[in-house]
Amino acid sequence: PEDPRALLIVGAGQAGVETAVAARQNGFAGTITLIGDEPVLPYERPPLSKGMLMGESGLDEATIYSAAELDALKIELLNGIQVSGVDRKARRVSLSDGRQLSYDMLVLATGARARELSVTGSDETSLFYLRNLRHAKSLGEALRKATQVAVIGGGFIGLEIASAARKLGKHVTVIEAAARLMGRLLPEEAAGYMQELAVANGVALELGHTTAAVSREGVMLDDGRMVAADCIVVGIGAVPNDALAREAGLAVAERGGILVNPIGRTSDPAIYAVGDVAVHRDEISGREHRLESWQNANLTARSTGMAIAGAADHSIDLPWFWSDLFGGTVQMLGQMRDGLTLVRRDGGQAPVFFGLNEEGSIELVVDFGQPKAIQAARSLMLEGTELSPALLTDRDVDLSQLNEDDMKTIPLEKRFVWPATG
Ligand code: FAD
């Protein structure tokens with residue numbers, strides 16, 4: 001007999017569509033309806049700040065599944081339609097076109113939106129943001145016409161935009177309130193290397209300065225100086241789209257985002273949340289994580305899609321993130337937190353940084369040009385192997401040989417477990 005259940009997914013971005021596909025491919029036989037407010041097929045966002053901004057690639061390359069592929073999987077896409085409310089009691093959502101749809105299971109995959117700058121002049125000045133296709137198109141046009149670009153925010157998005165603007169030959173200034181770039185995202189030593197890279201590529205930096213005002217002339221800094229600009233881009237972070245969940249009375253995190261268990265279930269067992277909007281709580285440390293990454297969108301979609309289909313996802317993976325900056329690729333494996341000891345390994349195209357925890361195991365890798373090292377570190381991290389900093393920095397040591405057995409071929413003095421006691 002046919003499965004009579006209805007799965008509704010709100011938000012047709014990467015996590016939304018991948019949840020639909022995972023549920024179907026793992027045997028969910030009911031109806032699947034994907035509702036998204038953007039008027040296009042689901043697409044991946046990383047190209048928005050890379051190839052698409054440079055005019056090197058288009059929407060086709062970023063599109064995840066074609067209409068025919070969705071059709072074949074019996075996934076119905078309602079695009080250009082917003083979900084305006086969730087009635088949990090009646091298990092029904094209301095749509096912007098006045099319709100109501102019933103669900104047995106609901107997935108919130110509403111992502112995040114660009115945080116808006118609110119300073120003197122921000123309402124009257126045309127400011128550019130980058131979160132969606134529409135933004136990428138208008139920013140791309142503006143960058144080509146501009147001569148002087150001011151980027152407010154020195155995180156990944158801000159720096160990718162700066163990198164693209166430099167490639168287009170523009171004069172670029174990055175304004176960052178913190179004393180260094182990538183404050184929340186990278187340990188100090190790795191951020192320092194990133195900073196050298198930005199400067200070497202001709203980016204002017206204004207660190208430790210907030211924006212007092214914006215106008216047609218440019219950005220006025222907190223000390224009254226003016227950064228002249230005919231294109232002002234704001235990249236000061238993203239805010240999770242959790243309004244539907246809040247209004248429906250689901251548990252949300254204090255700092256925003258929808259609280260979920262390891263398979264993405266919210267405080268209502270019929271409702272799940274995936275991707276950028278979902279907040280996972282680490283059961284051991286109690287820490288809350290909300291990741292904004294391509295990999296996290298895929299992994300959370302897969303485990304939730306499988307759970308909906310009644311299958312269990314036993315795969316484990318480490319958080320992974322990449323960014324294309326100044327002609328190279330930065331990769332990050334694991335998660336940044338305070339208290340890690342940073343070890344730098346030179347060689348290859350550029351350095352790789354390892355963050356070791358109190359036990360001497362790698363918890364974070366930030367790689368600027370040694371992709372083999374990150375590959376090797378991945379298995380060491382999954383095995384929880386304890387390592388000495390001396391070993392990690394030794395260029396004669398092949399990191400890919402550092403598994404339990406091969407460790408024995410490494411001289412004892414190089415193998416000692418860190419931190420040494422006494
Ligand atoms: P989204 O992709 O944002 O999708 C959410 C969708 O839901 C949107 O289409 C939204 O309009 C829609 N929606 C919201 N509310 C409603 C509603 N009420 N009704 C209907 N629809 C709704 N990650 C990396 O790992 N590496 C990178 O290099 C990288 N680069 C990036 C560059 C840019 C410019 C951006 C913006 C992100 C980048 N990311 C990168 C992050 C990655 O793209 C996101 O983590 C990922 O898109 C999250 O997927 P999602 O489905 O949760 O959210």
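Throughout this document, residue positions are counted from 1 along each chain, in the order its sequence is written. Only residues with pLDDT of 70 or above have their local features reported here, since the model is predicted, and side-chain atom pairs are shown and tallied only from 80 upward, although totals for entire chains, interfaces and linings are computed over all residues. Values shown for side chains rest on all heavy atoms present in the structure; no hydrogens or waters enter the calculation.

**Notes on the overall build of the chain**
The cut-off we apply is this: To qualify as a helix, a DSSP run of H or I must reach at least 4 residues; to qualify as a strand, a run of E must reach at least 2; elements of each kind are numbered from the N terminus. Atoms counted for the radius of gyration: C-alpha only. Globule rule: 2.2 Å times residue count to the power 0.38. Three exposure classes are used, based on accessible area relative to the maximum for each residue type with a 1.4 Å probe and protein chains only: buried under 20%, partly exposed in between, and exposed over 50%. Should any heavy atoms of two residues lie within 4.5 Å, those residues are considered in contact. Computed with the Shrake-Rupley method and a 1.4 Å probe, the accessible areas treat only the protein chains shown as cover for residues. A positive count includes Lys and Arg, and a negative count includes Asp and Glu. His and the chain ends are not counted in either. Each charge is placed at NZ for Lys, CZ for Arg, CG for Asp and CD for Glu.
When helices and strands are tallied, the chain shows 11 helices and 26 strands. A globule of 422 residues ought to have a C-alpha radius of gyration of about 22 Å, and the chain, at 23 Å, matches this closely. Along the first, second and third principal axes, the C-alpha atoms of the chain reach 65 × 60 × 40 Å. In the chain, buried positions account for 51% of the 422 residues. In the chain, 58% of the contacts between residues at least 6 apart in sequence involve partners at least 24 apart. By element, 49% of the accessible surface of the chain is carried by carbon and sulfur atoms, the whole surface being about 19,700 Å². Within the chain, the 56 negative side-chain charges are centred at a point lying 3 Å from the centre of the 40 positive side-chain charges.

**Structural notes on unusual backbone geometry**
Positive phi outside glycine occurs at R91, with the angle close to 50°. In the Ramachandran plot, F326 falls in the positive-phi region, its phi being about 50° despite a non-glycine side chain. On the accessibility criterion, F326 (13% relative accessible area) is buried.

**Focus: the site of the ligand**
What counts here: Only a single heavy atom is needed: when it lies within 4 Å of a molecule or strand, its residue is near that molecule or strand. Throughout this description, a polar contact denotes any pair of N or O atoms lying within 3.5 Å of each other; where both atoms belong to protein, one of them has to be capable of donating a hydrogen while the other can accept it, and for residues adjacent in sequence the pair is counted only when both atoms sit in side chains. As a working rule, the residues Ala, Val, Leu, Ile, Met, Phe, Trp, Tyr, Cys and Pro are called nonpolar, Asp, Glu, Lys and Arg charged, and the rest polar, with Gly in that last group. Domain start and stop points were drawn from an automatic or database domain assignment.
In the neighbourhood of the ligand, 35 residues make up the surrounding shell, with D37, E38, R45, K50 and D276 lying closest. Take R45: an N or O atom from its side chain is 2.5 Å from an oxygen atom of the ligand. A distance of 2.7 Å separates an oxygen atom of the ligand from a polar side-chain atom of R131. Here the residues of the shell around the ligand are counted per class, giving 16 nonpolar, 11 polar and 8 charged. Taken domain by domain, the makeup of the shell around the ligand includes at least three residues from each of domain 1 (6-113 + 239-308) and domain 2 (116-236).

**As for the environment of R345**
Along the polypeptide, R345 turns up in strand β24 (residues 341-345). Overall, R345 belongs to the buried group, its relative accessible area being 7%. Taking C-alpha positions, R345 is 41 Å from A307, a pair spaced 38 residues apart along the chain. Setting aside residues no more than four positions away along its own chain, R345 makes contact with P351, V352, F354, Q370, L391, L392, T393, D394, R395, V397 and L399. Engagement of the side chain of R345 in a polar contact is seen with the backbone oxygen of L392, the distance being 2.7 Å.

**Thoughts on the pairing of strand β14 (residues 218-221)**
Both faces of the sheet carry side chains from a regular strand, because those side chains alternate between them. Note the cut-off: Strands pair, by our definition, only if DSSP identifies at least two bridges between them.
In this sheet, β14 lies alongside strand β13 (residues 211-215) in antiparallel orientation, the contact comprising 4 bridges. Opposite A213, over in β14, you have M220 as the bridge partner. Between the end of β13 and the start of β14, which pair antiparallel, lie 2 residues. With 3 bridges joining them, β14 and strand β15 (residues 226-228) adopt antiparallel strand pairing. Paired with V219 across the two strands is V227, which belongs to β15. Hairpin connection of β14 to β15: 4 residues between the antiparallel strands, including G224 at a positive phi of 90°.

**Comments concerning the side chain of D276**
Among the secondary structure elements, D276 is positioned in the loop between β19 (271-273) and β20 (278-281). A residue is classified by how much of its surface remains accessible, and D276, at 12% relative accessible area, is buried. Those residues within four positions of D276 in sequence are excluded, and the remaining contacts are G111, A112, R131, P240, R290, L291, E292 and S293.

**A closer look at the pattern of salt bridges**
Short version of the rule: The salt bridge criterion pairs a side-chain nitrogen of Lys or Arg with a carboxyl oxygen of Asp or Glu, the two atoms within 4 Å.
Per the stated rule, a full pass over the model turns up 17 salt bridges. A salt bridge links D87 to R92; the nearest nitrogen and oxygen atoms lie 4.0 Å apart. For R92, a relative accessible area of 31% corresponds to the partly exposed category. For R88, the salt bridge goes to D268, with nearest N and O atoms at 3.2 Å. One end of the pair, R88, is in the loop between β4 (83-87) and β5 (92-95); the other, D268, is in the loop between β18 (258-260) and β19, with 180 residues separating them in the sequence. A relative accessible area of 30% places R88 in the partly exposed class. A network of salt bridges, in which partner residues are shared, links E206, D223 and R225.

**What to know about the domain arrangement of the chain**
Note the threshold: Buried area is a sum: the accessible area each of two parts loses on coming together, probed at 1.4 Å, counted once for each and added.
Segmentation of the chain into domains returns domain 1 (6-113 + 239-308), domain 2 (116-236) and domain 3 (337-415). Opposite the 15 residues of domain 1 that make contact, domain 2 presents 14 residues. Between domain 1 and domain 2, the buried area comes to about 1,300 Å², and carbon and sulfur atoms account for 64% of it. Three residues stand out in domain 1 for area buried against domain 2, namely S49, L53 and M54, and they jointly supply 47% of the buried area on that side. Across the domain 1-domain 2 interface, the total number found is 2 salt bridges. Here E160 and K50 are joined by a salt bridge, their closest N and O atoms 3.1 Å apart. One can count 6 residue pairs in polar contact (both at pLDDT 80 or more) joining domain 1 with domain 2. Counted by class, the side of domain 1 that touches domain 2 contains 8 nonpolar, 2 polar and 5 charged residues.

**Some thoughts on the sheet that holds strand β6 (residues 100-102)**
Adjacent strands of a sheet form backbone hydrogen bonds with each other and so pair up, either parallel or antiparallel. The criterion, for reference: Here an angle of 0 to 180 degrees is reported between the N-to-C directions of two axes, which are lines fitted to C-alpha atoms, with helices fitted over the stretch in contact.
On the basis of which strands lie adjacent, the open sheet formed by 3 strands has the order β4-β5-β6 and antiparallel pairing. Each having just a single partner strand, β4 and β6 make up the two edges of the open sheet. Strand-to-strand twist of the sheet, defined as the mean angle between neighbouring strand axes without regard to direction, takes the value 20°. Judged from the 4 bridges that link them, β4 and β5 form a sheet pairing that is antiparallel. Directly across from V83, in β5, lies its bridge partner L95.

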